[in-house]
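Report on the structure
What follows is the residue order along each chain.
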Amino acid sequence: MSKTLIVYYSFSNTTKNLAEDIAIITGGDIRELVPERAYSFSYNGATKEVRNEIERGCCPKLLSGNEPISNYENIFIGTPNWFKSFAPPILSFLRNVDLNGKTIIPFCTHGGGGFGQIEINISKECPNSKLLPGFAVTSDFDDKQVQDWIDKIGI
Ligand SMILES: Cc1cc2nc3c(=O)[nH]c(=O)nc-3n(C[C@H](O)[C@H](O)[C@H](O)COP(=O)(O)O)c2cc1C
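Presented here is an overview of the structure given in this document.

Some thoughts on the overall build of the chain
Along the backbone of the chain there are five helices and eight strands. Taken from N to C terminus, the helices and strands of the chain fall in the order β-α-β-β-α-β-β-α-β-α-β-β-α. Considering only contacts in the chain between residues 6 or more positions apart, those separated by 24 or more positions represent 81%.

Here we look at unusual backbone geometry
Even without a glycine there, the phi angle at Phe 83 is positive, about 50°. Along the chain, the position of Phe 83 falls in the loop between β5 (74-80) and α3 (88-96). The phi torsion at Lys 84 lies on the positive side, around 75°, for a residue other than glycine. Mapped onto the elements, Lys 84 comes out in the loop between β5 and α3.

Some remarks on the environment of Gly 28
Its location among the elements puts Gly 28 in the loop between α1 (14-26) and β2 (29-32). Exposure remark for Gly 28: the 21 C-beta atoms within 10 Å place this residue in the buried category. Along the primary structure Gly 28 and Glu 53 are separated by 25 residues, whereas in three dimensions their C-alpha atoms are 31 Å apart.

Quick notes on the site of the ligand
Around the ligand sit 21 residues in total, of which Thr 14, Thr 15, Pro 80, Gly 111 and Gly 113 are the nearest. Looking at the shell around the ligand, the elements with two or more residues in it are α1 and α2 (46-56). Residues of the shell around the ligand, tallied by class, amount to six nonpolar, 13 polar and two charged.

Observations concerning the nonpolar core
If you look at the biggest cluster of nonpolar residues, it comprises 32 residues, and the most contacted ones within it are Val 7, Phe 76 and Ile 90. Mapped by element, the contributors of at least two residues to this core are β1 (4-8), α1, β5, α3, β6 (103-109) and α4 (118-125). Not counting chain neighbours up to four residues away, the residues in contact with Val 7 comprise Arg 31, Leu 33, Gly 65, Ile 75, Phe 76, Ile 77, Gly 78 and Phe 93.

Structural notes on the pairing of β2
The sheet contact formed by β1 and β2 spans four bridges and is parallel. If you follow Leu 5 over to β2, its bridge partner there is Asp 29. Crossover β1 to β2 through α1 is right-handed.

A short note on the packing of α1 against helix α5 (residues 143-153)
Two measures define how a pair of helices packs: the angle their axes make with one another and the distance between the axes. The N-to-C vectors of α1 and α5 enclose an angle of 55°; their axes lie 10 Å apart at closest approach. As far as their axial angle goes, α5 and α1 are oblique. For the pair α1 and α5, the sense of crossing is right-handed. Note on element contacts: α5 touches α1 through Asp 143, Val 146, Gln 147 and Ile 150, opposite Leu 18, Asp 21, Ile 22, Ile 25 and Thr 26. The class makeup of the residues in the contact of α1 with α5 is five nonpolar, two polar and two charged.

Regarding the pairing of β6
Taking burial as the measure, the seven residues of β6 include six buried ones, the bulk of the element. Where β5 lies against β6, seven bridges are found, and the strand directions are parallel. Along β6, the bridge assignment pairs Ile 75 with Ile 104. You can see the chain leave β5, run along α3 and come back into β6, and the turn it takes is right-handed. Where β6 meets strand β7 (residues 130-131), two bridges bridge the pair, whose relative direction is parallel. In the sheet register, Thr 103 faces β7, and the bridge partner there is Lys 130. On the question of chirality, the crossover connecting β6 to the parallel β7 by way of α4 is right-handed.

Procedures and definitions
- Residues numbered from 1 in each chain as written.
- Predicted model: local features only at pLDDT ≥ 70, side-chain atom pairs only at ≥ 80, totals over all residues.
- Helix = DSSP H or I, 4+ residues; strand = E, 2+ residues; numbered from the N terminus.
- Contact = placed C-beta atoms within 7 Å.
- Buried ≥ 20, exposed ≤ 12 C-beta atoms within 10 Å, placed from the backbone.
- Near = placed C-beta within 6 Å.
- Nonpolar A, V, L, I, M, F, W, Y, C, P; charged D, E, K, R; others polar.
- Core = buried A, V, L, I, M, F, W, Y, C linked by C-beta atoms within 7 Å.
- Pairing = 2+ DSSP bridges.
- Right-handed = clockwise from strand over helix to strand, strands pointing away.
- Axes fitted to C-alpha atoms, helices over the stretch in contact; angles between N-to-C directions.
- Parallel < 35°, antiparallel > 145°, perpendicular 65-115°, else oblique.
- Left-handed = near helix turned anticlockwise from the far one by under 90°.

Right under this line is the structure:
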């Protein structure tokens, strides 16, 4: 089994595309976090609801993604930037698996806000993990940028 796992949540597939690139480049296994209740931004107030969830530190139940990670050393964790932080399914993952001693590499896609608080908020959840420099891009990233970052961090 590969020692690298790429875990991600994606609402509209941009982060998913990036996660798939990372999996191809590193040869790692890929795992999507699927919340039991899918998010919807199609009605008024939905984004406000999500913002509240994030501010309250809500951990939605996951249909899949929380399986043990004991076989992996390097865990890439990817999310869209939602209101300057990670999407709630990421918090569910961080709180449900044992990240002690793991190497964590954050990545995100965003609409202009970069990582925001994402890296800081991930590091708060896993004080006994080693964090490597992450990668934040808008949807127009290309494979070479991803490759250059992976080369730089040496995974
Ligand atoms: C609810 C919501 C909140 C967002 N908040 C931000 C934000 O604060 N800053 C930002 O740069 N982009 C924000 N975005 C844009 C997304 O981060 C961006 O479109 C991202 O690439 C989407 O990734 P996905 O396709 O994997 O879901 C937000 C998008 C949504 C749906």
